[in-house]
Amino acid sequence: MKKYKVGIVGAGGVTDLHFVGYKDHPERVEVVAICDPNPEALFARAEKYGVPQRYTNLDDFIQSSGIDVAVVCTPSPIRKQILFPLVEAGLPVFVEKPFSDSLAEAAEITEKAKQHGVPVSVNQNFRRHFPFELIKDIIAKDTIGKVTSILFTNIHFRQDAGWRLECERHALSVMGIHWFDGFRLILGSDAKSIVCQNRSSSAIDCIGETDATVQVVFENNTVATYVQSFSSTFGKTEMIVIGDTGTLVTGHGKVDLYRKDDKAPSQSWENNVSREVATYEGLEQLLVSLETGVEAPNSSQDNLKTITMLDSAYVSAKEQRIVQLKHGIGV
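Criteria and thresholds
- Residues numbered from 1 in each chain as written.
- Predicted model: local features only at pLDDT ≥ 70, side-chain atom pairs only at ≥ 80, totals over all residues.
- Heavy atoms only, no water.
- Core = buried A, V, L, I, M, F, W, Y, C linked by side-chain atoms within 4.5 Å.
- Buried < 20%, exposed > 50% of the residue type's maximum accessible area, 1.4 Å probe, protein only.
- Helix = DSSP H or I, 4+ residues; strand = E, 2+ residues; numbered from the N terminus.
- Contact = heavy atoms within 4.5 Å.
- Pairing = 2+ DSSP bridges.
- Axes fitted to C-alpha atoms, helices over the stretch in contact; angles between N-to-C directions.

Draft legend 1. Examining the nonpolar core more closely. In terms of nonpolar packing, the biggest core is built from 72 residues, with Phe61, Leu86, Phe183, Met239 and Leu248 touching the most fellow members. For this core, the element with the highest residue contribution is helix H8 (residues 171-187), accounting for 11 residues. The contact partners of Leu86, leaving out residues within four places of it in the chain, are Val9, Leu58, Phe61, Ile62, Ala70, Val72, Leu91 and Val93. The next biggest cluster of nonpolar side chains, apart from the first, holds 20 residues, and it includes Phe19, Val51, Phe94 and Leu286.

Draft legend 2. Expanded view of the sheet that holds strand E1 (residues 4-9). Spatially, the 6 strands line up as an open sheet ordered E3-E2-E1-E4-E5-E6, and their pairing is parallel. Looking at strand neighbours, the two that pair on one side only are strand E3 (53-55) and strand E6 (120-123), the edges of this open sheet. Ignoring strand direction, the axes of neighbouring strands in this sheet form an average angle of 25 degrees. Of the pairings in the sheet, the one linking strand E4 (residues 69-72) to strand E5 (residues 93-96) comprises 3 bridges and is parallel in character. When the bridges of E5 are listed, Ala70 appears paired with Val93. The strands touched by helix H1 (residues 15-22) are E1, strand E2 (29-35), E4, E5 and E6; relative to E2, the strand with the most contacts, the crossing angle is about 155 degrees.

Draft legend 3. Quick peek at the environment of Leu310. Here Leu310 shows up in helix H10 (residues 300-319). For Leu310, a relative accessible area of 1% puts it in the buried group. With 50 residues separating them along the chain, Leu310 and Lys260 place their C-alpha atoms 35 Å apart. Apart from residues no more than four positions distant in its own chain, Leu310 is found in contact with Pro98, Leu172, Ser173, Ile177 and Phe180.

The structure is reproduced here in structure tokens:
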């Protein structure tokens, strides 16, 4: 197995997921460089994790660091201006979600990567951190029959700070991007239509939406109803997957199966994958792709369909209409 020299662009809090996730795999990954225009943040992060090379200029980072793979943890509004130079330099990229704030820009990034023959993968770590992959396997074994409905609730009180407060797209862009991706994953189906209502609560200091209700119809005719709130003083994260012969009820750490007339779960599964572990696994998917030439399951090409769902939800809320899609792409 090849060992890769990795450089991280961005020195914010989300980099902790990467540093902590990578540290148990020194045979595979060595973080040798970090880049951020803020010297204070840059040196604090570099000192904390013992990163030898430190850059405040992206061009210097690209030309002098000698890295094999770039990990991008910058704010999403500047993704394009960071990703384009990296891709043009021939560097494979593992990027935080959402890999762009708009579908148009995400498509541009994906096309740029295709033109240069450089793979870009997205850190959709909730595929494993939340038990989406586990549920996908359970469904694939015909445990609950044909899935007809998904009911998803993610409500809590969340006051962000910094650059996120100035973004027009907030709660769905922060958390909905995980849930949309998970729905796609467990169903193995593309979205057919999306309708959304957004609201912004005065309880949270931000420009964008704090609360949303979304309904997605998939091409296999499953309907997912999703409620998001950053302004609820009561917290709850729960997904209910309803099938013809059973229902799955899940939070972060456990999946329970209910059959007809069950007063208690007839079967349960544990899921204890941390965000840090799942983040390393996402990078590993990119590394395996580099070695095999097979597109990674978390590629930007795949993630375009997740970004399409996110973008369509915002279009629906803004224009007050149902957005129709074909094979996961807007029409």
